[in-house]
Amino acid sequence: MNKIAIIYHSTYGHTKRQAEAVYHGAQRVPSIQAQLYTVEEAAERLDELDTADAIIFGCPTYMGSMSAGMKTFIEVAAKKWFTLAWRNKIAGAFTNSSSFSGDKLNTLLGLTINAMQHGMIFVGLGMMPAPNKPEEMNEITGPGPDAHNRVGSYIGPMAASFQVAASDAPSQGDLETAEIYGQRVAEITLQFARGKNDKLIAE
């Protein structure tokens, strides 16, 4: 089994739902074992992450940047940077905020840079805006809550929860986008792992 760790920080529960969607998508791929970690759990079990083939990071966007909880974890995990323990692992990222933008791009860039510093291989969303509702791209109101990738992100899933309780947000489309992303990262992780194994056999 190839392992995928999904590490997330969530204060109100919205990003937790997004993380769970990423998890369910990854779990759909045969030969993949996904596991959810809060940032606190991940910090306590840091060495366990060395056995993961991929790590996906997710947190809310607060004041245009990643949350303090995720930043704290990144700083704790810096000890792995010294030995490049996570080099050549697959990486991914997702985020949620209370508006369509909220400068979520800055959060995903921060998470991407963190992965690059560890020598990881980052996987983007690989999805056009609203691929399941293309007709809504011709409307002034834009894609609705059932649309996938309704804000047009390419780095990773961006969800918008507005001021809605976590029991009802993010929207179905945003959660399905996260699920599709989890599956994409899992499939690429599996392809990469098989490629490495084939190379070892050939050698």
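Before reading further, recall that the structure is shown in the block above.
The sections below set out a description of the structure shown in this document. Starting afresh in each chain, residues are numbered from 1 along the sequence in its written order. pLDDT decides what is reported in this predicted model: residues at 70 or higher carry local features, side-chain atom pairs at 80 or more are listed and counted, and totals for whole chains, interfaces and linings draw on all residues regardless. Processing note: side-chain calculations cover all non-hydrogen atoms of the structure and skip hydrogens and water entirely.

### Describing a nonpolar patch on the surface
By definition, no residue in a patch forms a salt bridge, and every one has over 30% relative accessible area; like charges are joined within 9 Å, nonpolar side chains (Val, Leu, Ile, Met, Phe, Trp, Tyr) within 5 Å. Residue exposure ignores everything except the shown protein chains as possible cover, and the areas themselves are Shrake-Rupley values with a 1.4 Å probe. Any carboxyl oxygen of Asp or Glu that lies within 4 Å of a side-chain nitrogen of Lys or Arg is treated as forming a salt bridge with it. The grouping of Tyr12, Tyr62 and Met63 at the surface amounts to a nonpolar patch, some 440 Å² of accessible area in total. Inspection of the secondary structure assignment puts methionine 63 in the loop between strand 3 (54-62) and strand 4 (65-66). Numbering goes from the N terminus for both helices and strands, where a helix is a DSSP run of H or I of at least four residues and a strand is a run of E of at least two.

### Topic: the nonpolar core
Soluble globular proteins tend to pack their nonpolar side chains together in the buried interior. Counting 24 residues, the largest nonpolar core has Leu49 and Phe73 as the members making the most contacts within it. Residue assignment for this core shows that the elements contributing at least two residues are strand 1 (2-8), helix 2 (39-44), strand 3, helix 3 (68-76), strand 5 (90-97) and helix 5 (104-117). By definition in these notes, contact holds between two residues if any of their heavy atoms fall within 4.5 Å. In this structure phenylalanine 73 touches Ile7, Val39, Ala42, Ala43, Leu46, Leu49, Phe57 and Trp86, once residues within four positions along its chain are discounted. For the purposes of this section, nonpolar cores are sets of buried Ala, Val, Leu, Ile, Met, Phe, Trp, Tyr and Cys residues that join through side-chain atoms within 4.5 Å. Buried residues are those whose accessible area, probed at 1.4 Å on protein chains only, stays under 20% of the maximum for their type, while exposed residues exceed 50% and partly exposed ones sit between those limits. Ala34, Phe94, Tyr181 and Ala186 belong to the second-largest nonpolar core, a separate cluster that totals 23 residues.

### Here we look at the environment of alanine 52
Tracing the chain through its elements places alanine 52 in the loop between helix 2 and strand 3. In the structure, alanine 52 is positioned 17 residues away from glutamine 35 in sequence and 9.5 Å away in space, judged by C-alpha atoms.

### Some points on helix 5
Spanning 14 residues, helix 5 covers 20 Å between terminal C-alpha atoms, matching the ideal 20 Å at 1.5 Å per step. When we look at burial in helix 5, the residues that qualify are Lys104, Thr107, Leu108, Leu111, Thr112, Asn114 and Ala115. Within helix 5, the buried residues cover an arc of 155 degrees as seen down the axis, which keeps them to one side. Check the buried side of helix 5 and you find it contacts strand 3, strand 4, helix 3, strand 5, strand 6 (121-122) and strand 7 (158-160). After helix 5 finishes, the residue glycine 119 shows a positive phi value of roughly 80 degrees. Every helix has an expected span of 1.5 Å times one less than the residues it contains. The arc in question is formed by the directions pointing from the helix axis toward the C-beta atoms.

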